[in-house]
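Chains, contacts and geometry: an overview
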Protein chains: 2
Amino acid sequence: MPNQTYFLGIDGGGSKCKARLEDAQGNLLAESIAGPANPVRDRQLALSSIQQASQEAIELAGLPASTLAQTYAGIGLAGLNLPYYKNTMQEWQHPFAGLALSTDLHIACLGAHNSDSGAIVIVGTGSSAIVCKDAEQFEYGGHGFLLGDKGSGAWFGLQTVRWALESFDGIKPSSPFIEAVCRFFGCTDAAPLVEKHLASSPAEFAKLAPLVFEYAEQQDPVAAAIVQEGAAYLSALAQQLLSHKPQRLAFIGGLAHKIQPWLDEDIQHSLRAPFQSPESGAIILARKQFQVLEKAL
Amino acid sequence: MPNQTYFLGIDGGGSKCKARLEDAQGNLLAESIAGPANPVRDRQLALSSIQQASQEAIELAGLPASTLAQTYAGIGLAGLNLPYYKNTMQEWQHPFAGLALSTDLHIACLGAHNSDSGAIVIVGTGSSAIVCKDAEQFEYGGHGFLLGDKGSGAWFGLQTVRWALESFDGIKPSSPFIEAVCRFFGCTDAAPLVEKHLASSPAEFAKLAPLVFEYAEQQDPVAAAIVQEGAAYLSALAQQLLSHKPQRLAFIGGLAHKIQPWLDEDIQHSLRAPFQSPESGAIILARKQFQVLEKAL
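Residues numbered from 1 in each chain as written. Chains lettered and ligands numbered in written order. Predicted model: local features only at pLDDT ≥ 70, side-chain atom pairs only at ≥ 80, totals over all residues. Heavy atoms only, no water.

Broken down by element type, chain A carries 13 helices and 9 strands. Expected size for 297 residues packed as a compact globule is a radius of gyration near 19 Å; at 21 Å, chain A falls within 12% of this value. Referenced to the eigenvectors of the C-alpha coordinate spread, the extents of chain A come out at roughly 70 × 40 × 30 Å. A separation of at least 24 residues holds for 63% of the contacts in chain A among residues at least 6 apart in sequence. Approximately 12700 Å² of chain A is accessible, and the part contributed by carbon and sulfur atoms is 50%. (Helix = DSSP H or I, 4+ residues; strand = E, 2+ residues; numbered from the N terminus. Rg over C-alpha atoms; globule rule 2.2 N^0.38 Å. Contact = heavy atoms within 4.5 Å. Areas by Shrake-Rupley, 256 points an atom, 1.4 Å probe, with all protein chains shown as cover.)

Here is the structure:
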């Protein structure tokens, strides 16, 4: 089948890059995972992770490497809402028959609703939200670890470390949760806690999130206060999405299930289960873009 | 006077390094300024700034370079409360007759009260606090831009950018202050504001602090809310200092005068004016340490 066409969907993130390969008929041929692919942090690393994931998918499907030239790729990446990073990716001399680029948010939304129309809040290491309505997309939140990402795993960890430091200073109360955090890090005063976290990545802060939820579920006052503050922000984000009257609203990401019971009740009632993965959403993106193109040819 | 002894006081900070040279009798011989000297951020740069400031002070005093070998230096640096950075500075093959090392906080406190006993809150690009009681020191706050430094210039700027981003998202209200911030950066949506601040330094965020205070003084609800949150934290810090019953309490640093009217009333009444500069405090440190040593010889 020399004229066979393939579709590759790639979801690039700060910790890994996932790829999914389908044939023209929509049959799954292979899935693969490579390293980090966040062009905001490291463009070269992102490109090499994307290439590695693509080649591996082709190989796992038992196809020759040259198949990439018959493959239409859809790729979703963080930061592609920012013109600088979008331009930098568009300059890439990619090996595909065609490349459809969008944000990680957009492909996740396409996947979650298997449609152009819907809304999602992502709650993982970071947090962000999007509404998709046909060709239009409205993004909310995100803004990164320093400036935003409230209610995310990294934010829960950061708030925890900040609270522990203020409790050592006598500015904020301690609690069984804060004591557990200090045991976790083997700290009896502020200095080692500061030293340990001066250069911590968002992913390292996010490792504390399960402990925050464990204690919040046991009504620890500090852990519950931190989770409530994050949940209030995520409820407000979801409220903004609902103002666009999307067909469906879903929460996705590693903390989606954990945060759900803490959201405002009306938001909880609005939630629908996601249909498909972000990498499937990336394939939807590629199919739409190149179907249009093929029709035009 | 081949046996003449000199004292050098150095206050090393994230943006500059200030030196003050006195003779044994306490007469001011010279003052100088060199580049950044924060060993947590860049140890080599800190050492070379310290050396440059020292040599320049000696030169300005019209003394030969070899005078450093007759000079007892007191140096205060950020991060020297952390064992790793203290060790790293103690390994330095310094050019002085003797070197007394302490934190920037400690020398600032010695200078502000011209004494071993007193308490200060520093509010500049960062924020932190210390009580000195004879040989003992109790530090509060600080913890750096990511983990702490609440109520500091950098923190006021960061809160402002975060608020502006949430107001673009419809999560928080706007105000004349937020509109002024957007004009200041020439932004009409979130993306350029995020792009501009992804890699901003604390000093760059701190540049927004005067605008925050300008609008807070005009009762702008957003600017006032940000200043009040910072001031509440600084009041709590000061309260912790007062629990040690220090002889005097002073606020120092570039924002000390601006923040004063926003502090709790009892804190405002406790404040005393600082006597001397941190670099004078560094000289007090060196005099104390090497007087003891000379007596012992």
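Our next topic: the interface of chain B and chain A. With 32 residues of chain B at the contact, the number on the chain A side is 32 residues. Of the roughly 2800 Å² buried between chain B and chain A on both sides combined, carbon and sulfur atoms contribute 66%. Of all residues in chain B, the largest losses of buried area upon contact with chain A belong to L146, L147 and D169 of chain B, amounting jointly to 25% of the total for that side. Across the contact surface, chain B and chain A share 2 salt bridges. Linking chain B with chain A are 8 residue pairs in polar contact (both at pLDDT 80 or more). When contributions to the side of chain B that touches chain A are tallied by element, the ones reaching two or more residues are α2 (83–90), β8 (136–141), α4 (144–147), α5 (153–168), α7 (190–197) and α10 (221–242) of chain B. Residue composition of the side of chain B that touches chain A, grouped by class: 21 nonpolar, 5 polar and 6 charged. (Buried area = accessible area lost by both parts, 1.4 Å probe. Salt bridge = Lys/Arg side-chain N within 4 Å of Asp/Glu carboxyl O. Polar contact = N/O pair within 3.5 Å; in protein donor to acceptor, adjacent residues only side chain to side chain. Nonpolar A, V, L, I, M, F, W, Y, C, P; charged D, E, K, R; others polar.)

So, about the domain arrangement of chain A. Residues and elements named next belong to chain A. You can read the domains of chain A as domain 1 (6–114 + 275–296) and domain 2 (145–270). Computed over C-alpha atoms, the centres of domain 1 and domain 2 are 31 Å apart. Opposite the 4 residues of domain 1 that make contact, domain 2 presents 4 residues. In total, domain 1 and domain 2 occlude about 390 Å² of area from one another, counting both sides; carbon and sulfur atoms represent 68% of this. Among the residues of domain 1 in contact with domain 2, A112, H113 and F275 are the three that bury the most area, contributing 73% of the side total. (Domains from an automatic or database assignment.)

Right, let's talk about the packing of helix α5 (residues 153–168) of chain A against helix α6 (residues 176–185) of chain A for a bit. Helix packing geometry: the angle between the two helix axes and the distance between the axes. All names here are of chain A. Viewed as axis vectors pointing N to C, α5 and α6 meet at an angle of 100°, and their least axial separation amounts to 10 Å. The angle between the axes of α5 and α6 places the two elements in the roughly perpendicular class. Touching T160, W163, A164, S167 and F168 of α5 are F177, I178, V181 and C182, all from α6. Of the residues contributing to the contact of α5 with α6, the split by class is 7 nonpolar, 2 polar and no charged. (Axes fitted to C-alpha atoms, helices over the stretch in contact; angles between N-to-C directions. Parallel < 35°, antiparallel > 145°, perpendicular 65-115°, else oblique.)

Time to look at the relation of the copies chain B and chain A. Superposing the two chain copies requires a rotation about an axis and a translation along that axis. Superposition record for chain B on chain A: RMSD 0.0 Å, screw rotation 180°, translation along axis 0.0 Å. A rotation of that kind, with that shift, is consistent with a two-fold axis. In terms of proximity to the rotation axis, the leading residue of chain B is L146 of chain B, whose C-alpha is 3.8 Å off the axis. When the interface residues of chain B are mapped onto chain A, 100% of them again lie at the interface, so the same face is used by both copies. (Least-squares fit on C-alpha atoms with pLDDT ≥ 70 in both.)

Within α7 of chain B, the full set of buried residues consists of A190, L193, V194 and H197 of chain B. Projected onto a plane normal to the axis of α7 of chain B, the buried residues spread over an arc of 100° and lie on a single side. Against the buried residues of α7 of chain B lie α4 (144–147) of chain A together with α5, α6 (176–185) and α8 (202–206) of chain B. Put simply, D189 of chain B is the residue that caps the front of α7 of chain B, since its side-chain oxygen is 3.1 Å from the backbone nitrogen of A191 of chain B. (Buried < 20%, exposed > 50% of the residue type's maximum accessible area, 1.4 Å probe, protein only. Arc of directions from axis to C-beta.)

This paragraph deals with the pattern of salt bridges. In this structure the tally under the stated criterion is 14 salt bridges over all chains. Residues E279 of chain B and K18 of chain B are paired through a salt bridge, measuring 3.8 Å at the closest nitrogen-oxygen approach. Highlighted residues: E279 of chain B in helix α13 (residues 278–296) and K18 of chain B in strand β2 (residues 17–23), separated in sequence by 261 residues. Looking at E279 of chain B, the relative accessible area reads 5%, which means it is buried. Here R20 of chain B and E31 of chain B are joined by a salt bridge, their closest N and O atoms 3.5 Å apart. Of this pair, R20 of chain B sits in strand β2 while E31 of chain B sits in strand β3 (residues 28–34), and the two are 11 residues apart along the sequence. On the accessibility criterion, E31 of chain B (44% relative accessible area) is partly exposed. Because the salt bridges share partners, they merge into one network encompassing R20, E22, E31 and R287 of chain A.

Across a sheet, paired strands are connected by hydrogen bonds in the backbone, their directions being either parallel or antiparallel. Residues and elements named next belong to chain B. Spatially, β3-β2-β1-β4-β5 is the arrangement adopted by the 5 strands of the open sheet, whose pairing is mixed. Each edge of the open sheet is held by one strand with a lone partner, namely β3 and β5 (98–103). For this sheet, the mean angle separating the axes of adjacent strands, direction not counted, is 15°. Helix α1 (residues 43–60) contacts β1 (6–12), β2, β3 and β4 (71–77) of the sheet and is inclined by roughly 145° relative to β3. (Pairing = 2+ DSSP bridges.)

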